[in-house]
Amino acid sequence: DVTSIDTPKLKWVIKGPQQTVQGDGTVVNATSDYTPGYEKLGRTFSSSKLADIKINGTKTKVLIFTGGYDLDQDYIGNNTRKTDDLGNTLYIADAETGKLLWSASNTGANLNIATMNHSMPASPTIIDVNRDGLADIIYAADLGGQVFRFDIDSANTSVSNLASGGRIASLGGASKADNRRFFTTPDVAFIQERGSKPYFTISLGTGFRESPLNTDTTDRFYVLRDRDVYAKP
């Protein structure tokens, strides 16, 4: 809390489970000692994005962030694709208290999406499409080469129906050549061409950041086009 710039105070802490590397390179996740609701929070490479949303008609200041990095990715060997235990989550937390308000993951979340199986170290991108000061769309990418879109419903009546979403692109695969990972935040631009409907471009590139000398994977830079600007897909 920097209300008084000369005497800042720690307001709250969000803590995920600790990961311990064993002698054989395997990773063990702590089964306790984490903030309730954040049992899938990995290493927090993601920056938390400050935004305003409405919850049951009340304007609320929130932090939106992805689940981070699963340390298993450092020890998988042979550049094989894996399902992560941590980091495969999108969180929306109360900015004043740190309390978890809403989440999306493959299981145990407000919104369960079967394909959210890979950790998300890159920060999400937040869009206010109608410029009313409220977040409308969230884009996020993961280490499985997937891109997700989430749409916030400002007319929601509770956190249970706060947002909907799903995978909009799958650009990786099980083979070493196709095992593409997104460590970068989606760069989203609004495009309006004369005589055509507006659309978003989503630009991002893949790379094996934990092993930068890897040559097995055919990495690429992508530009995706999302034509669902003012309504969810």
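See above for the structure.
Residues numbered from 1 in each chain as written. Predicted model: local features only at pLDDT ≥ 70, side-chain atom pairs only at ≥ 80, totals over all residues. Heavy atoms only, no water.

Asks: What should I look at first to understand the side chain of Thr89 in this one?
Replies: Within the secondary structure layout, Thr89 lies in the loop between strand S4 (58–66) and strand S5 (90–94). Of the residues examined, Thr89 reaches a relative accessible area of 2% and is grouped as buried. In this structure the side chain of Thr89 is engaged in a polar contact, spanning 3.3 Å, whose partner is the side chain of Ser105. Among residues more than four places away in sequence, those in contact with Thr89 are Lys40, Phe65, Thr66, Gly67, Ser103, Ala104, Ser105, Met116 and Met120. (Helix = DSSP H or I, 4+ residues; strand = E, 2+ residues; numbered from the N terminus. Buried < 20%, exposed > 50% of the residue type's maximum accessible area, 1.4 Å probe, protein only. Polar contact = N/O pair within 3.5 Å; in protein donor to acceptor, adjacent residues only side chain to side chain. Contact = heavy atoms within 4.5 Å.)

Asks: In this structure, what is going on with the pattern of salt bridges? I would like to understand it.
Replies: Oppositely charged side chains can form a pair if their charged atoms are brought close together. Applying the stated criterion across every chain, the model contains ten salt bridges. For the salt bridge of Asp72 with Lys82, the shortest nitrogen-to-oxygen distance reads 3.6 Å. Of this pair, Asp72 sits in the loop between S4 and S5 while Lys82 is found in the loop between S4 and S5, placing the two residues ten residues apart along the sequence. When sorted by exposure, Asp72 lands in the same class as Lys82, which is buried. Two residues, Lys82 and Asp84, come together in a salt bridge whose shortest N-O distance is 2.8 Å. Given a relative accessible area of 18%, Lys82 falls into the buried group. Residues participating in the shared-partner salt-bridge network are Asp52, Lys59 and Lys61. (Salt bridge = Lys/Arg side-chain N within 4 Å of Asp/Glu carboxyl O.)

Asks: How do you make sense of the sheet that holds strand S13 (residues 199–205) when you look at a structure like this?
Replies: Backbone-to-backbone hydrogen bonds pair the strands of a sheet. The strands run either parallel or antiparallel. Judged by pairing direction, the sheet is antiparallel, and its three strands sit side by side in the order S12-S13-S14 without closing on themselves. Two strands in the sheet have a free side with no partner beyond their single neighbour: strand S12 (187–191) and strand S14 (221–226). Neighbour to neighbour, the strand axes of the sheet diverge by 20° on average, direction disregarded. Judged from the six bridges that link them, S13 and S14 form a sheet pairing that is antiparallel. Residue pairing across strands places Leu204 opposite Tyr222, the latter belonging to S14. (Pairing = 2+ DSSP bridges. Axes fitted to C-alpha atoms, helices over the stretch in contact; angles between N-to-C directions.)

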